[in-house]
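Per-entry structural report
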Amino acid sequence: MLVSSEGPTFSPEIISEIIGYLHDDKKTLRTLGLVSKHTLYESHQHLFSTVDFLGPLTDDAYDVWQDFDRFLRLVDVAWTSFTPAIQCIRLLGIYGKCADHHSIGRGIPLARIRTNLPNVKSLRLRSLNLTSIPSYILDLVFQLPIEHLSLGLVYGCNATNLLTFIENSRFQ
């Protein structure tokens, strides 16, 4: 323990160990995020390492894409501090078509958002219909520096179509 004019402090390594031990306790991690800049950074690493977007139980996927739009608009804000912690984006259980796909995704600066998500290395698509995902979202996620792509129960495409799409998206 270090002692400063403000009182005793712990070394960054000890703080990292404590927060790492509490990685499953979301409530405590949120509270620790209020203690100091270092605990905020460390708790963000656990709270925001994976961002999930879950499909509705209905056939209308509009709500999920509205949520994704809100997420992208938050990522685009300069004061947002959690984005470097995001390592994985998961899209799960989205089968229905987006009923009003023309009203979502407008004015979202994908290039700037791509730079604000520098550590997203994993994309997991599970239990969804690829054709239900708006094209601007596919353009964004396939332009991220993805190192791990996980597909499970993805409908609406075959391997050849998916590889062609990925190839075309990466070099636009």
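Further up the page is the structure itself.
Notes on the structure in this doc start here. (Residues numbered from 1 in each chain as written. Predicted model: local features only at pLDDT ≥ 70, side-chain atom pairs only at ≥ 80, totals over all residues. Heavy atoms only, no water.)

So, about the pattern of salt bridges. This structure, assessed with the given rule, holds two salt bridges. The salt bridge involving Arg90 is made with Asp52; its shortest N-O contact spans 2.4 Å. Here Arg90 is found in strand β4 (residues 88–94), whereas its partner Asp52 is found in strand β3 (residues 50–54), with 38 residues between them in sequence. Of the residues examined, Arg90 reaches a relative accessible area of 24% and is grouped as partly exposed. Linking Asp67 and Arg70 is a salt bridge whose minimum nitrogen-to-oxygen distance equals 2.8 Å. With Asp67 and Arg70 both in helix α4 (residues 62–75), this residue pair falls three residues apart, about one helical turn. For Asp67, a relative accessible area of 38% gives the class partly exposed. (Salt bridge = Lys/Arg side-chain N within 4 Å of Asp/Glu carboxyl O. Helix = DSSP H or I, 4+ residues; strand = E, 2+ residues; numbered from the N terminus. Buried < 20%, exposed > 50% of the residue type's maximum accessible area, 1.4 Å probe, protein only.)

Burial in helix α3 (residues 37–47) covers these residues: Thr39, Glu42, Ser43, His44, Gln45 and Leu47. Summarising the contacts, the buried residues of α3 are in contact with α1 (12–21) and α2 (26–32). (Contact = heavy atoms within 4.5 Å.)

Okay, the packing of aromatic side chains next. Applying the stated criterion across every chain yields a total of four aromatic pairs. Seen from their ring centres, Phe48 and Phe82 are 4.8 Å apart, and the 40° between their planes marks the pair as tilted. On the criterion of sequence distance, the pair formed by Phe48 in the loop between α3 and β3 and Phe82 in the loop between α4 and β4 is long-range, its members being 34 residues apart. Taking relative accessible area as the criterion, Phe82 reaches 11% and is therefore assigned buried. Three or more aromatic residues joined by ring pairs make a cluster, and in this case those are Phe53, Phe68 and Phe71. (Phe/Tyr/Trp six-rings, centres within 6.5 Å; stacked < 30°, edge-to-face > 60°.)

Quick look at the nonpolar core now. One finds Phe68, Phe71 and Leu91 to be the most contacted residues of the largest nonpolar core, which totals 31 residues. If you list the elements that add at least two residues to this core, you get β3, α4, β4, β5 (122–129) and α6 (135–141). Top contributing element to this core by residue count: α4, with six residues. In this structure, Phe68 is in contact with Phe53, Ile89, Leu91, Ile137, Leu140 and Val141, ignoring residues within four places of it in sequence. Judged by nonpolar contacts, the second largest core, of five residues, contains Ile19, Leu29, Leu32 and Leu47. (Core = buried A, V, L, I, M, F, W, Y, C linked by side-chain atoms within 4.5 Å.)

The topology assignment puts Pro84 in the loop between α4 and β4. Taking the C-alpha atoms as reference points, Pro84 and Asn116, separated by 32 residues in sequence, lie 7.3 Å from one another.

The sheet built from four strands is open, its strands ordered β3-β4-β5-β6 with parallel pairing. Lying at the two open borders of the sheet, with one neighbouring strand each, are β3 and β6 (148–155). The mean angle between the axes of side-by-side strands here comes to 5°, regardless of whether they run parallel or antiparallel. Relative to β5, β4 runs parallel, the two being bridged by six bridges. Opposite Arg90, over in β5, you have Arg124 as the bridge partner. (Pairing = 2+ DSSP bridges. Axes fitted to C-alpha atoms, helices over the stretch in contact; angles between N-to-C directions.)

Purely geometric numbers; function is a separate question.
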